[in-house]
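Examining the three-dimensional arrangement
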Protein chains: 2
Amino acid sequence: MEKEYCMGFKAAGLPAGIKKNGDKDLGVIISESSANAAGVFTTNKVQAAPVVLDKERIKPGICQAVIVNSGNANCCTGEQGMRDAKAMAKGVAKEFGISEEMVLVASTGVIGESLPIEKIKDSMPDLVKSARSDGFQDFAEAILTTDTVPKIIVREGELGGEMFKVMGIAKGAGMIHPNMATLLGFICTDVQINSKVLSEALNQANKKSFNRITVDGDTSTNDTVLIMANGMSGVEINNAEGQNVFQDILDEVMVSLSRMLVKDAEGATKLVEITVKGAKSDTDARAIAETIAGSSLVKTALFGEDANWGRILAAAGRAGVALKPEKAEIYFNNVLMVKEGKGCGPEAEAQATRVLRESEFSIFLHLHLGNGDASVLTCDLSIDYVKINADYRS
Amino acid sequence: MEKEYCMGFKAAGLPAGIKKNGDKDLGVIISESSANAAGVFTTNKVQAAPVVLDKERIKPGICQAVIVNSGNANCCTGEQGMRDAKAMAKGVAKEFGISEEMVLVASTGVIGESLPIEKIKDSMPDLVKSARSDGFQDFAEAILTTDTVPKIIVREGELGGEMFKVMGIAKGAGMIHPNMATLLGFICTDVQINSKVLSEALNQANKKSFNRITVDGDTSTNDTVLIMANGMSGVEINNAEGQNVFQDILDEVMVSLSRMLVKDAEGATKLVEITVKGAKSDTDARAIAETIAGSSLVKTALFGEDANWGRILAAAGRAGVALKPEKAEIYFNNVLMVKEGKGCGPEAEAQATRVLRESEFSIFLHLHLGNGDASVLTCDLSIDYVKINADYRS
């Protein structure tokens, strides 16, 4: 018997010849019945054709399938790009026997080259035919670019004695930054939920997850997070209690995916949570946390396992918000490194260096100026990051 | 006979034992007579002790000497840091027989460690004694951190048949970003000029030079640019014509220093000018130019000699200002790569790749939205950048 990831959803992934290395590069998710849907898209002024298409198609709040390719972003490809995006949707619609407006599209990869649309069309019958309820691993592989591992997570919730599921699949690796979705994220759930409430839940979860991670400060032209709810579990989200239960599970799925994304970021060897407390406001705290998380000097020091707190404080100082260095405290996990703006000496430094050797840890900055707090996830900046991104197209 | 860099100025540099490797790390510039002076300092909220001291001492618009150490930033060092900064100035004042208020101080290096002030004090008599009119090469070496070459430039100007000089010395390498000075810059001139006019001239030149370069987006706690004008040439700047002549020479010195700084940036292999034209406003153009210049994805592509124009357009798209990708043109030097938001094909790409193999070139983005333009200097992000900054303190 097929393993079922989430009731009423099927998926597939296969190599269509878009990637030069022959890896899987075309995937589809199909719901047995029409699903309520919502999306979050890039705020970049340069938007790929599939993003432009999806933003229009998702307006009625329903969809039934999503087709995704990796290896090519279908961005800066002009009118041909839009024709190709529509052709991808049409291919799925035709094979599966649904309206093409019910199919969303996502692409990721190199910007500025036209899709090899004939290869994609040729693969479509096989792709749709091979969709199965246990096909999500193949799908998760087919959407990867420089990621090293597929990222899937399934969580179960319970409401009024009935079980429901939320499944998330994502790819990221580089070009991930706050105020954006991540590159691509697809959430399937079998609850029954109104698409407006679903959209709010997605935005809520997004704030706590994909919008607080940073890899290299760049944001993509293709970022898309889609959620589909097909109601197949029979569990209905129709009151505040239900919404809370559903939100908790959705948050958990999306936060877990976020951590997986940063952990698998290009060249990353460290997953680091930057938490700022005691800022004048949450906005100030967020500005400081993001500036630290995005600082090349901080990130190279993390890679070098160097407890260089001076760079952390210097980054905080250029965030453009209130800060009194003489009040600042910095912790690496529970090791107090800086008190009243000054280093705590060689013993603290030795302890902090041990923290830095771990693959996951926290940096905590207390400003003692107010009640604002924020936290973001980041990774180190490694030699491999440069290698990966210097060689990406070749 | 000693070579004279700039009339009435002497300098020296020697190893005082602050740097572990025994390189020169302490330098002084002394003017024979009191000089009119002005400064530009970091806007970072975390400011090193010497910056705090100089901002106060330069208020009357005069000074006679500046003492500089490398290897230690004297930042986040509390009250001891201020005592040490004052002690450095006092040491020069005592040896040279001037008031300590006439001595400015600058430091650069690791943040958060106290200065080895006894070593500095012990070196002071030798340092001041060895100051000579041809000692600027030693000084320029003594202020370096990860820079690989000292940076000195001398330019002569002529006003009413009389000659004057402007000399600039700088160090930079990393942590350089617009809206800041650079790390350390010292300008000496033998013109006679009122300190208010001098300050305006410095700000003007700064906008065209140190404020339009970026290496890694980080800004320092110690950034300081000082200018001293001792009047020894007898050339008086007292009208608009004189100001223009002086401004031109000062601009030339500071722009040349800026290029030298970016060229010698940590790990840099390329010096790249990013010019944006046709934005809705100069401010918009500047925002886009800086976002491109600071993008890790663009900078790694430059290192990889990959004409990845999609990353340039994607960076422009996240600058938060108006942009219509379908109107955008991108040139690498004079090679048109992108027209109406689409790539110009493999032949253009091949030509652009040849441009990218050069060590200096321009990237030009025309938005066709208005008359705003701006340009900034940047460098690539290399494997060596990461190595240098991962290992900096060890």
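These remarks concern the structure in this document. Keep in mind that this is a model prediction, so the values were computed, not measured.

Let's talk about the overall build of chain A
When helices and strands are counted, chain A shows 11 helices and 14 strands. Computed over C-alpha atoms, the radius of gyration of chain A comes to 22 Å, within 12% of the 21 Å expected from 2.2 N^0.38 for 394 residues, which places it in the range of a compact globule. Along the first, second and third principal axes, the C-alpha set of chain A runs to 70 × 55 × 40 Å. Here chain A holds 394 residues, and 61% of them are scored as buried.

Quick notes on the pairing of strand E1 (residues 9-14) of chain A
Residue and element names in this part refer to chain A. With 5 of 6 residues buried, E1 is to be regarded as a mostly interior element. With 6 bridges connecting them, E1 and strand E2 (residues 26-41) associate as antiparallel partners. Opposite Ala12, over in E2, you have Val28 as the bridge partner.

Re the interface of chain A and chain B
Between chain A and chain B, the residue contacts involve 50 residues of the former and 49 residues of the latter. Mapped onto the side of chain A that touches chain B, the elements with two or more residues apiece are helix H8 (296-303), helix H9 (309-317), strand E12 (342-343) and helix H11 (383-390) of chain A. In terms of residue count, the dominant contributor to the side of chain A that touches chain B is H9(A) (7 residues). Here the side of chain A that touches chain B is built from residues that sort into 20 nonpolar, 21 polar and 9 charged.

Some thoughts on the relation of the copies chain A and chain B
Turning chain A through 180 degrees and shifting it by 0.0 Å along the axis lays it on chain B, with an RMSD of 0.0 Å. This pairing of chains is accounted for by a two-fold axis. It is Ile383(A) whose C-alpha, among those of chain A, lies nearest the rotation axis, at 2.7 Å. Mapped onto chain B, 98% of the interface residues of chain A again fall at the interface, so both copies present the same surface.

Looking at the environment of Asp25(A)
Residues and elements named next belong to chain A. With respect to the element layout, Asp25 can be found in the loop between E1 and E2. Along the primary structure Asp25 and Ile213 are separated by 188 residues, whereas in three dimensions their C-alpha atoms are 25 Å apart. Those residues within four positions of Asp25 in sequence are excluded, and the remaining contacts are Pro15, Ala16, Ile18, Lys19, Asn69, Ser70, Gly71 and Ala142.

Looking at the sheet that holds strand E12 (residues 342-343) of chain B
Residue and element names in this part refer to chain B. A sheet is described by the order of its strands in space; here 6 strands give the open sequence E12-E11-E10-E13-E9-E14, paired in mixed fashion. The sheet terminates laterally at E12 and strand E14 (372-379), the two strands that pair on one side only. Against the sheet, helix H10 (residues 346-356) makes contact with strand E10 (329-332), strand E11 (335-339) and strand E13 (360-366), and its axis sits at roughly 125 degrees relative to E11, the strand it touches most.

Things to note about helix H1 (residues 49-57) of chain B
Within H1(B), burial applies to Ala49(B), Pro50(B), Val51(B), Leu53(B), Asp54(B) and Arg57(B). Packed against the buried residues of H1(B) are strand E2 (26-41), helix H2 (78-96), strand E4 (103-108) and strand E8 (224-229) of chain B.

Focus: the packing of helix H7 (residues 282-294) of chain A against H9(A)
Residue and element names in this part refer to chain A. H9 packs onto H7 with a crossing angle of 130 degrees between their chain directions and a minimal axis gap of 8 Å. With respect to H9, the element H7 is oriented oblique. H7 and H9 meet at a crossing whose hand is right-handed. Contact residues: H7 offers Ile288, Thr291 and Ile292, while H9 offers Ile312, Ala315 and Ala316. Looking at side-chain class alone, the contact of H7 with H9 contains 5 nonpolar, 1 polar and no charged residues.

Description of the environment of Ser107(A)
Residue and element names in this part refer to chain A. Positionally, Ser107 belongs in strand E4 (residues 103-108). For the pair Ser107 and Val68, spaced 39 residues apart in sequence, the C-alpha separation works out to 5.6 Å. With residues near it in sequence (within four places) discarded, Ser107 still touches Ala48, Pro50, Asn69, Asn72, Ala73, Asn74 and Asn222.

Rules behind the numbers
Throughout this description, residue numbers start from 1 for each chain and increase along the sequence as written. All chains are assigned letters beginning with A, and all ligands numbers beginning with 1, in the order in which they are written. Only residues with pLDDT of at least 70 are given local features in this predicted model, and only at 80 or more are side-chain atom pairs given and counted; all residues enter the totals for whole chains, interfaces and linings. The secondary structure listing takes helices from DSSP runs of H or I that are at least 4 residues long and strands from runs of E that are at least 2 residues long, numbered from the N terminus. A radius of gyration in this sense is built from C-alpha atoms; the matching globule rule multiplies 2.2 Å by the number of residues raised to 0.38. Neighbour density around each residue's C-beta defines its exposure: 20 or more other C-beta atoms within 10 Å make it buried, 12 or fewer make it exposed, and counts between make it partly exposed, where C-beta atoms are placed from the backbone. Strands were regarded as paired on the criterion that DSSP finds at least two bridges between them. Distance between backbone-placed C-beta atoms decides contact: two residues are in contact if it is within 7 Å. Classes in brief: Ala, Val, Leu, Ile, Met, Phe, Trp, Tyr, Cys and Pro nonpolar; Asp, Glu, Lys and Arg charged; the others, Gly included, polar. We place the copies in one frame by least squares, fitting the C-alpha atoms of every residue whose pLDDT is at least 70 in both. Comment: axis = line fitted to C-alpha atoms, over the contacting stretch for helices; angle = value between 0 and 180 degrees taken between N-to-C directions. When describing relative orientation, an angle under 35 degrees is termed roughly parallel and one over 145 degrees roughly antiparallel, while 65 to 115 degrees is termed roughly perpendicular and anything else oblique. Definitions for this section: a left-handed crossing has its near helix turned counterclockwise from the far helix by less than a right angle. A right-handed crossing has that turn clockwise.

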